[in-house]
Every structure is written in structure tokens, then in C-alpha cells.
Amino acid sequence: MNAIGLVVLAWFVISEDGKRGIEQTDAELHRITSSVSRLVGFDEAIQFNLVNADVLNEGCPQFAILPGGAPTFQPHLSDRQCVPMDIGVLNGLAAGAVGSGNLVSGYQEGTGGEPVRVRAEPLISRDGTYIGAVVAVADARPEQQRHTELVLVVIGGCAVLIGGLGVASHLLSGRSIRPAAAALQQQEVLLAETAHDLRTPVAALRALAETALDNPTQRADLLPRTVQLAARMGSIIDDLLARARLAAGVEQLTIQPVWLDQLVVGVVEDTRTDGAQVTVTAAPTKVDADPVLVQRAIGNLLDNAMRYGRQPGADAIVHITVAGGTVTVADHGPGIDAEAAADAFDRFSSTGGSSGLGLSIVRWVAQAHNGTLAVYNADEGGAIFELRLPLSAS
């Protein structure tokens, strides 16, 4: 709409400027013809004499007094010829004015093809008869050149403005669409992370249910485990929904002073190791963080270390160190490929060094707390993940 408005405005400006140029030229020609008409004197023999007409005779536009088909008299041409004109063309214009009794104006061509603007005004005698005409001629090239320059400036300005409007529209549309795209991306992340985190407990829950169905005598033993898995699934869903709402800006992080060493020990104690050897070395350290999200991030690091940080045929060996606001999780697995280290925290990335969707959540938690998550290989083998959080000021 802005572009259409600019085009309409440009057309209006160009059109009005063209009309104004013609009006100014015609006004100058009218000044000449009316001045000459008032200065013409004649007698019964139709003898024309110009009185005090030196300024008109020597200036531009030029003029001519011609019979134009009326009783013949000696034509008068101004002393200065501003643009060469055929006397026959001028006499024809005079004849048109005398014959119609009205002024004649328009564009003609000079003897060299130059565009000229002409005006023929009939002369009236005392008895009301037309006895000739005054024809004024103005060179139209300066006005046409000025109008052409204006047209180029207007078209160039419109092109620049339309280009600027296009860029601005692109940026504004991008800004207006960006929230929707971000919301879709958050939805995709939520679905992917939900599927990732629920896959294992759902499979275990199904296995327990099938076992209880096939073995009625074991239902009493399997029921508590079933309830525990269901609670774990509910906790996972709650955490993922909270993460999605936080990322979308609907909720804010619940930042508070947290004893990181105690939190890590609690996560390790609540995690089933399934034969893995997990040790913790912790020094008292307090950080400013959301305990729920940090607990989830530590759980993901531990789960990845136990799942991937093992040699073929051996149980996983994981050692966790907590000190100075940093949680270090080291395993004894095959390590992580150096070329894949930069992509270790991308969603759906999985290497032998404990990377995958779970680590993308850990990285998000670190970034949400203005912390960092780094990974590298130990000299003796295995991958090391470092989650660093800001220390508490209290």
C-alpha cells in the first residue's frame, strides 16, 4: 500500500509540474501578446506603429505582428530572434486567431526542429473587426529539460523509498513472524524432549504391566515399582512443561541460594545405578539457581554417563566432583570425538561420549543461569562434562 501510494504521489507531482510549467510559459507569452496589443497604434490605412517597445523588441520571448488573412499590412518581427521560426508557420497561427476570433496556443517546431510554445492573440479595430494578430514564441527546451530532471529525481526518489519500504517490510514481517516461529520451535523441542525422556520409563512400565498380567502372584511386588515409574513419568512431564514455559517467557526462573553439593548427592542417591559405580567428591558450594532445573540437568549428565560412559562388556564407572560452583561428571567410556565436540549439545546428536537430546536440556539450563557447559576427553580415557553455575553472593 505504501508503494502504491508513492507511485500515485509521484504521478501527481509529475503531472502537476508539467501543467505548472505550461501555465508559466503561457503566462509569459500572454504578457508579451497583451503588452504588444496595447502598444499597437493604427489609422484608417491600417498602419501599425509600436510605441516604447524597445524592451519587448529586444527580449525573449520573441513576437510578430502579422495580418493572418486580414487586409494586408507590413508585418513586424521583434528585433531579437530567440528561436528560429518559419514566418509561414507564424502567419498560419495568426490566420487561425483572426479566423476564429480566439487566441491560439500550443506547441510547434522551430526551423531546426526545436520544441516551441506559441500564442496567437487577435487584434481588434475600433469598429470591432479583426485586423491581424500578435504571435509570441517561447523556446520550450529549458522548461522541458527542467521537467525531465524533476521526473528523474521523483522516479529515483520513489525507487529508493520503495526499496527502503521493501527492506523495512521484510524486517517488520520477520519480526512479526519470529515469535510464531519461535513458538513452533519450542513446541518441536518440547515434543522431542518429551518423547526422549518418556521412552525409557514407558517401556519399563509396559514391561511391569505385562509381567504382572502374566504372573498374578507377583502383582503385589510389581505394583510399587509401577507406581514409582508413573510418578517419575509425571515428574518428567512437569519438568518439560516448566522448561517450555520458561523458554517461552511465560514463567520466570525461581532463582534462590542452593547448596550444590547437597543437591548433587541427593540426585545420585535417588538415581538407580543398575550396576554402575558412581562416586561423589563434594565440597560445600552455594550457587544462585533454580533447584528443580539444576537437579534435572545433573540427572541428565549422570544418566548419560551411566548409559554411554562404559567400555564394552563392563559396568559404567562415573565420578562426580562438586566444587566452586562447578559440577564435573567423568566417565570411563570411549570418550567423545573431537570433531563432534562442537555438536555434542545439539538435539538428536549422539556420539560415544554421552551426547544426545538430554545434554541439550543441560546446556539450556546452563545458559538460563548464565552458566556454561563444556565437554572434553580425559588423558586416561573417557569424557568429562563440566557444568558451571554462578556462585551465590550470600
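Relevant structure appears above.
Source: prediction; values computed, not measured.

### Looking at the state of the cysteines
- By the definition in use, this model includes one disulfide.
- The disulfide partner of Cys-60 is Cys-82, and the gap between their sulfur atoms is 1.6 Å. One quick way to see it: the torsion about the S-S bond of Cys-60 and Cys-82 is about -100°, and its sign makes the bridge left-handed. Here Cys-60, found in the loop between α2 (54–58) and β3 (62–66), pairs with Cys-82, found in the loop between β4 (76–77) and α3 (87–100); they are 22 residues apart in sequence, far enough to count as distant.

### Let's talk about the sheet that holds strand β12 (residues 326–331)
- Within the open sheet, the five strands sit side by side as β9-β11-β12-β14-β13. Their pairing is mixed. Strand pairing shows two members of the sheet lacking a second neighbour, β9 (277–282) and β13 (372–377), which therefore form its edges. Mean inter-strand twist for the sheet, computed between neighbouring axes without regard to direction, equals 15°.
- Here β9 pairs with strand β11 (residues 317–323) via six bridges, running parallel. The partner of Val-280 across the bridge, within β11, is Ile-320.
- Each of β9, β11 and β12 is contacted by helix α6 (residues 260–270), which is oriented at about 160° to β11, the strand it contacts most.

### A closer look at the side chain of Arg-117
- With respect to the secondary-structure elements, Arg-117 resides in strand β6 (residues 115–124).
- Since its relative accessible area comes to 9%, Arg-117 is described here as buried.
- A distance of 2.8 Å separates a polar atom in the side chain of Arg-117 from a polar atom in the side chain of Asp-26.
- For Arg-117, the contacting residues outside a window of four places in its chain are Ile-22, Thr-25, Asp-26, Leu-29, Ser-105, Gly-106, Tyr-107, Ala-136, Val-137, Ala-138 and Ala-140.

### Describing helix α7 (residues 291–308)
- With 18 residues, α7 extends 26 Å between its outermost C-alpha atoms, agreeing within 8% with the 26 Å of an ideal straight helix rising 1.5 Å per residue.
- Buried residues of α7: Leu-293, Val-294, Arg-296, Ala-297, Ile-298, Asn-300, Leu-301, Leu-302, Asn-304, Ala-305 and Met-306, and no others.
- Looking at where α7 begins, the residue whose side-chain oxygen comes 3.1 Å from the main-chain nitrogen of Val-292 is Asp-290.

### Some details on the sheet that holds β3
- Here five strands make up an open sheet; going across it, the order is β4-β3-β7-β6-β5 and the pairing antiparallel. In this open sheet, the two strands that pair with only one neighbour each are β4 and β5 (104–109).
- Relative to β6, β5 runs antiparallel, the two sharing six bridges. Residue Glu-109 lies in a different strand from β6, and its bridge partner there is Pro-115.
- Sheet contacts for helix α1 (residues 2–39): β3, β5, β6 and β7 (130–139); angle to β6, the most-contacted strand, approximately 35°.

### Some thoughts on the pattern of salt bridges
- For the coordinates displayed, the defined rule picks out 10 salt bridges.
- With a closest N to O distance of 3.0 Å, Arg-146 and Asp-17 form a salt bridge. Here Asp-17 lies in helix α1 and Arg-146 lies in helix α4 (residues 141–214), a separation of 129 residues in the sequence.
- Residues participating in the shared-partner salt-bridge network are Asp-17, Arg-20, Glu-143 and Arg-146.

Quick notes on the rules
Residues numbered from 1 in each chain as written. Predicted model: local features only at pLDDT ≥ 70, side-chain atom pairs only at ≥ 80, totals over all residues. Heavy atoms only, no water. Disulfide = S-S within 2.5 Å. Helix = DSSP H or I, 4+ residues; strand = E, 2+ residues; numbered from the N terminus. Pairing = 2+ DSSP bridges. Axes fitted to C-alpha atoms, helices over the stretch in contact; angles between N-to-C directions. Contact = heavy atoms within 4.5 Å. Buried < 20%, exposed > 50% of the residue type's maximum accessible area, 1.4 Å probe, protein only. Polar contact = N/O pair within 3.5 Å; in protein donor to acceptor, adjacent residues only side chain to side chain. Expected span 1.5 Å × (residues − 1). Salt bridge = Lys/Arg side-chain N within 4 Å of Asp/Glu carboxyl O.

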